[in-house]
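# Report on the structure
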Amino acid sequence: MSSQKLDQYLQPSAEDQRKEETLEKKRLVYVPETPENLPESFFIGIGYDGERHSAFIKLYEPTRRKIYHWYDNTNHKPYCLSDQSVEKLNENQSLMAHTGLDHLEAVRKYDALRDQEIDATMIVARDPLSIGGRPIGCIRDIVKAWEADIKYVENFIYDRRLEPGMPYRISGGQLVAAEYEPSADALRAVEEFLENESEEYRALAHEWIRLLECPVPEFRRVALDIEVYSPIATRLPDPREAEHPVICASLLGSDGKMRLLLLKRAGFELEEELPEINVKPEYYESEEKLLVELFKVLLNYPIVVTFNGDDFDLRYLWHRAQRLGFGADQIPIEMGRDVASLKYGIHVDLYKFFFNRSIQIYAFGQKYREVTLDEIGESLIGMGKKEIEAPVSDLNYGELATYCFRDAEIVLKLTSLDDDLIMKLMTALSRISFMTIEDVTRQGVSGWIRSMLYNEHRKRNYLIPRPDDILDLKGMTVTEAVIKGKKYKGAIVVEPVPGVHFNVAVLDFASLYPSIIKNWNLGYETIRCPHEDDLCRNNIVPGTPHWVCKRQKALESLLIGSLRDLRVNWYKPKSRDKKLSQPLKSWYNVVQNGLKVILNASYGVFGADKFALYCPPVAEATAAIGRYAITETIEKAKSLGVEVFYGDTDSIFLGSPNPSQLEQLVDWSRSSLGMELEVDKNYRYLALSSRKKNYLGVYPDGSVDIKGLTGKKRHVPQFLKKAFYVMIDILSQVKSEGEFEAAKEKIKEIVKDCYLKLKRHQYPLEELAFSVMISRSPGGYVKTTPQHVKAALLLVQRGVEVKPGDLIAFVKVVGEPGVKPVQLASSDEIDSTKYMEYISSTFEQVLDALGTEFEELVGITKLESYFASGEEG
DNA sequence: GCGGACTGCTTACCT
DNA sequence: ACAGGTAAGCAGTCCGCG
């Protein structure tokens, strides 16, 4: 059936329209009332009720596995702060005339930027939008205000000292924190490794232990995926228009319940049994009934998990339901500008979470390279999307259902992987950042750190500074970056000593930057502090004119420092402790990973201009101290008679150090720098070329570290990658200097084999394809048109949709423009010469280190002439 | 009009 | 919307060249 005809059929008939009008208009959305009493339940979500002018929190009760809402009954109100007195503000006509103003209240605050107590006025409003959020006429536009850009629900969390992810009870209508005491074991250990720290520091560490030791419940959840009819196969349906019907919905619960809802359509045969999946399909005569049923399921689960539900599934459902005449109280979805949330439970969009670069790199170690359900599913749980031959709209019921169901299955399995690791990671991050799971999964690491610091400010009655005040007082940077356009000088990379070095030890500083922030008391408060006496002014950061305060403590230093210490001394060792049970070990691993993500970003955020506590001198000072630490350490190593072959940021590669030399170096670092230097790894041998960030390290057991070499980069064609790894395999077996000659002979064979296969077109086109990510839409490249964009433009010409983030697979061909998308190319137009160049440069990186010229090894000139006179053209 | 030297853009990587 | 440093390949520009 043609798409056109089908679309016509899908227009509602007169009879359908009558049915629609008689659709039961009962209130569908169940909003749970606050119970008078509720046993231990976890605070996982938050919302603001505009009608009741009140925040409410969503509590997950783990026995009944249901959500309960608790409405604020403490009369918390939105507010911002002014440095003017109440009397002065009373004279401000526009403020006093503002309909949203509730009242003014004099308060004392501590201004950390100036290190003094100040008088301020709380401007209390009736609703959050009056403070800020409307395009015009907000209170924050009338008076210079502090703390006016913080979301109301965040203010509510900080002010009421609430802890997202932690257990609470409702007792006689009141919300009370459920007491949780960490194990004596944990408390004792923390006391031990923090014995030399201040009282204040130890108290903070205790708080973290309480938050991070507390068990996480099992979360009942449902994975949702929908399919929508589209008349044009290559175009995705627009969720804001929601023009076409929802034809299939899959719902997979962690409780084992499964639903598969299908819309009956003319021209397709009903299939009652779906052999591929073990679920009975439900056919619906009308889309309304399908949606009603779907909404009922959404209202039954505390957590709904989607992949891109914010921008597609839930958004589409919301608009579609509106279009079909559902009333607001019949749709269980709350639609924001960028977020789709739920009225009853919470919505986790895995796409947003996996998209987070820090999560991708540090939590999942680059296991997935593209942020697509197929790639993530394939690499984390070994389950990719179902392949389909035709557009979704043309599939028969069975194929459509299996396709849709598989997506939901991947989503559910991702959240269940490794004993619900992802749910636990979200909870851990939620507790560290004082944000709900819904927010933590949608914000970047700078948002988490901001929230963590804001919370501590409130806890201590600190005024949260305005970004312009920080910048005015602390200024910009003074060092010059190596890279044009960067703000300040970063880390040092030591010039490598080319060659093969046997018996190499790699030493590094245990979380260098967080250690620096801790030891040097760095923070926006303390860098270039206001005190004018020598005590502070003489405490100079090496290589900069910046001084650091000796009088007050920076919150950043306390928080980042205590998290660092807990990770290094407690969570990381515990995650490897063989005496612990598997679930406990995996929880410790989750926490240490969460901490890693946050600590890794903890320095960078201060140099990121969108960070709420942006303070360039803090970032600059951190990097400068890092440079100082590594250069001093290199000098010390040399003075001990140890050769330094290479180093990058926080590591040094040492040639055959003896135990005594290592010990002296480590001791020196502890006493002179106050930094923990440790042996990270030992290599049987290390192959260095003259290129920085580029090496091959072989461990005693024959496993290898490959860093920066082209052969391992994502975009490199398969055939070359395979050849490269065969070479690596040969090299990994080399045990002594003398064995390199034989290895080189073998490598020579690989390369020759590669050449010949290339020449004879023996590689399938797919193996010859470069695959490069396109970071904008193809039209967005105005300065230059790189090759992958040229290929993408050829695809677009043929009606293929190309979105930012897509991988473009292209091959190099003879003639203009030199590239073609792999789908459009044929074997005989491959530009063999270009590929030869690529092979040689890839191998050269390693051969350089072995002191061998590529040409000399392979005798390239002969081959080239063979090519030139050969069967080409 | 063409080619080499140069700069800048883009991607992927390292810490 | 964490940072800066490095490698590689290519696109585009400038300049000299009878």
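Right above here is the structure, for reference.
The numbers attached to residues start from 1 for each chain and follow its sequence in the written order. Both sets of labels track the order of writing: A upward for chains, 1 upward for ligands. Only residues with pLDDT of 70 or above have their local features reported here, since the model is predicted, and side-chain atom pairs are shown and tallied only from 80 upward, although totals for entire chains, interfaces and linings are computed over all residues. In computing side-chain values, all of the structure's heavy atoms are included and hydrogens and water are not.

### Topic: the protein's contact with DNA strand B
Near DNA strand B there are 23 residues, and of these Lys484, Asp650, Lys693, Arg714 and Tyr781 occur at the shortest range. Each atom of DNA strand B within 4 Å of the protein belongs either to a base or to sugar and phosphate, the latter forming 94%. Within the contact set of DNA strand B, a phosphate oxygen lies 3.1 Å away from a side-chain nitrogen or oxygen of Arg776. Separating a phosphate oxygen of DNA strand B from a side-chain N or O atom of Tyr781 is a distance of 2.6 Å. Looking at the surface near DNA strand B, the elements that each hand over two or more residues are β23 (704-707) and β24 (770-773). Here the nonpolar group is Ala, Val, Leu, Ile, Met, Phe, Trp, Tyr, Cys and Pro; Asp, Glu, Lys and Arg are the charged ones; every other residue, Gly included, is treated as polar. Of the residues that constitute the surface near DNA strand B, the class distribution is six nonpolar, six polar and 11 charged. When at least one non-hydrogen atom of a residue lies within 4 Å of a molecule or strand, that residue is treated as near it. Any N or O atom pair separated by 3.5 Å or less is treated as a polar contact, with the protein-specific requirement of one donor-capable and one acceptor-capable atom, and with residues adjacent in sequence counted only for side-chain atom pairs. Every helix listed is a DSSP run of H or I at least four residues long, and every strand listed is a run of E at least two residues long, numbered separately from the N terminus.

### Some points on the packing of aromatic side chains
Each aromatic ring pair is characterised by the separation of its centres together with the angle its planes make. Stacked, edge-to-face and tilted are the three classes for Phe, Tyr and Trp ring pairs, Trp counted by its six-membered ring, which pair at centre distances within 6.5 Å; planes under 30 degrees apart are stacked, over 60 edge-to-face, the rest tilted. Applying the stated criterion to the full structure yields 33 aromatic pairs. The interplanar angle of 65° and the centroid separation of 5.9 Å between the aromatic rings of Tyr646 and Tyr695 together place this pair among those described as edge-to-face. On the criterion of sequence distance, the pair formed by Tyr646 in strand β19 (residues 643-648) and Tyr695 in strand β22 (residues 695-698) is long-range, its members being 49 residues apart. For the residue pair Tyr646 and Tyr695, the accessibility class agrees, reading buried in each case. Aromatic side chains Tyr685 and Phe740 sit 5.4 Å apart centroid to centroid with 80° between the ring planes, which places their arrangement in the edge-to-face category. A residue pair is termed long-range when its members are at least 10 positions apart, and Tyr685 in strand β21 (residues 677-688) and Phe740 in helix α26 (residues 740-759) qualify at 55 residues. Of the two residues, Tyr685 and Phe740, neither departs from the other in class, the shared state being buried. For every residue, the accessible area obtained with a 1.4 Å probe (protein chains only) is divided by the maximum for its type, and the residue is called buried under 20%, exposed over 50%, and partly exposed between those limits.

### Quick notes on the protein's contact with DNA strand C
Close to DNA strand C lie 35 residues; Ile483, Lys610, Arg691, Lys790 and Lys812 are nearest. Within 4 Å of the protein, atoms of DNA strand C come from sugar and phosphate in 76% of cases. One of the side-chain N or O atoms of Ser446 is found 3.5 Å from a phosphate oxygen in DNA strand C. One nitrogen or oxygen atom from the main chain of Lys487 is found 3.3 Å from a phosphate oxygen belonging to DNA strand C. Taken together, the elements giving at least two residues each to the surface near DNA strand C come down to α13 (357-363), α17 (445-459), α28 (787-797) and α29 (832-849). By residue number, the principal contributor to the surface near DNA strand C is α29, which donates four residues.

### Some points on the packing of α17 against helix α22 (residues 582-601)
Lines fitted to C-alpha atoms define the axes, with helix axes restricted to the stretch in contact, and inter-axis angles between N-to-C directions lie between 0 and 180 degrees. Where α17 contacts α22, the axes come no closer than 10 Å and their chain directions differ by 90°. As the angle between them shows, α17 and α22 are arranged roughly perpendicular. The residues of α22 that touch α17, namely those facing Val445, Trp448 and Ile449, are Val597, Ile598 and Ala601. Of the residues contributing to the contact of α17 with α22, the split by class is six nonpolar, no polar and no charged. Roughly parallel means an angle under 35 degrees; roughly antiparallel means over 145; roughly perpendicular covers 65 to 115; every other angle is labelled oblique. When checking whether two residues touch, look at their non-hydrogen atoms; a contact exists if any pair is within 4.5 Å.

### As for the side chain of Thr121
Within the secondary structure layout, Thr121 lies in strand β6 (residues 116-125). A distance of 2.5 Å separates a polar atom in the side chain of Thr121 from the backbone oxygen of Gln84. In terms of polar contacts, Thr121 uses its side chain to reach the backbone amide nitrogen of Val86, at 3.4 Å. For Thr121, the residues in contact, after removing those within four places along its chain, are Cys80, Leu81, Ser82, Gln84, Ser85, Val86, Leu89, Leu104, Glu105, Ala106 and Val107.

### Details of helix α19 (residues 512-519)
Counting buried residues along α19, seven of its eight residues qualify, which places the element largely inside the surrounding structure. The set of residues buried in α19 consists of Leu512, Tyr513, Pro514, Ser515, Ile516, Ile517 and Lys518. In the core, the buried residues of α19 are packed alongside α9 (199-213), β18 (499-509), α21 (555-575), α22 and α23 (616-639). Of the residues flanking the end of α19, it is Asn521, one or two places downstream, whose phi is positive at about 55°.

### So, the pattern of salt bridges
A side chain of one charge can pair with a side chain of the opposite charge when the charged atoms of the two come close. By salt bridge we mean one thing: a side-chain nitrogen of Lys or Arg within 4 Å of a carboxyl oxygen of Asp or Glu. For the structure shown, the criterion picks out 56 salt bridges. Measuring nitrogen to oxygen at the nearest pair gives 2.8 Å for the salt bridge that ties Asp310 to Lys352. Of this pair, Asp310 sits in the loop between β13 (303-306) and α11 (313-323) while Lys352 sits in helix α12 (residues 350-355), placing them 42 residues apart in sequence. You can call Asp310 buried: its relative accessible area is 0%. In this structure, Arg442 and Asp310 form a salt bridge, with 2.8 Å as the shortest nitrogen-oxygen distance. Note that Arg442 is positioned in the loop between α16 (437-440) and α17 and Asp310 in the loop between β13 and α11, a separation of 132 residues in sequence. Judged by its relative accessible area of 18%, Arg442 is buried. Each of Glu197, Lys518, Arg564, Asp565 and Glu676 takes part in salt bridges that share partners, so that together they form one network.

### What to know about α17
What a helix should span is 1.5 Å times the count of its residues minus one. The first and last C-alpha atoms of α17 sit 21 Å apart over 15 residues, in line with the 21 Å expected at 1.5 Å per residue. The buried count for α17 comes to 13 of 15 residues, which makes it a mostly enclosed element. With its phi angle positive at about 60°, Asn461 sits one or two positions after the end of α17.

### Things to note about the pairing of strand β11 (residues 258-263)
A pair of strands is labelled paired if DSSP reports no fewer than 2 bridges between them. Pairing between strand β10 (residues 246-253) and β11: five bridges, direction antiparallel. Across the sheet, Leu251 pairs through a bridge with Arg259, a residue of β11. In this structure, β11 lies alongside strand β12 (residues 281-284), joined through four bridges in parallel fashion. When the sheet's bridge partners are listed, Leu263 is paired in β12 with Tyr284.

### A few points about the sheet that holds β6
Two pairing modes exist for strands in a sheet, parallel and antiparallel, and in both the strands are linked by backbone hydrogen bonds. Across the sheet, three strands lie side by side as β4-β6-β5; this open sheet has antiparallel pairing. Of all the strands in the sheet, the pair left with one neighbour each is β4 (79-82) and β5 (101-111). Across this sheet, the average inter-strand angle for adjacent strands is 30°, counted without regard to direction.

### Quick notes on the environment of Ala203
Inspection of the secondary structure assignment puts Ala203 in helix α9. Separated by 85 residues in the primary sequence, Ala203 and Ile118 place their C-alpha atoms 26 Å from one another.

### A look at a negative patch on the surface
Together, Asp374, Glu378, Glu387, Glu389 and Glu399 line one region of the surface with negative charge. Note that Glu387 resides in the loop between α14 (373-381) and α15 (397-433). Two distance rules govern patches: like charges are joined within 9 Å, and nonpolar side chains (Val, Leu, Ile, Met, Phe, Trp, Tyr) within 5 Å, applied only to residues with over 30% relative accessible area and no salt bridge. Surface accessibility in these figures is a Shrake-Rupley result with a 1.4 Å probe; residues are shielded only by whichever protein chains are displayed. In this tally Asp and Glu are treated as negative and Lys and Arg as positive; neither His nor the chain ends contributes. For charged residues, the charge sits on one atom: NZ in Lys, CZ in Arg, CG in Asp, CD in Glu.

### A few points about the nonpolar core
Nonpolar cores are built from buried Ala, Val, Leu, Ile, Met, Phe, Trp, Tyr and Cys residues. Side-chain atoms within 4.5 Å join them into one set. Core analysis: the largest hydrophobic core is formed by 197 residues, its most contacted members being Trp208 and Leu294. At 19 residues, α15 tops the list of elements feeding residues into this core. Not counting residues within four places of it along the chain, the set of residues in contact with Trp208 comprises Arg431, Ile432, Phe434, Met452, Leu559, Ser562, Leu563 and Leu566.

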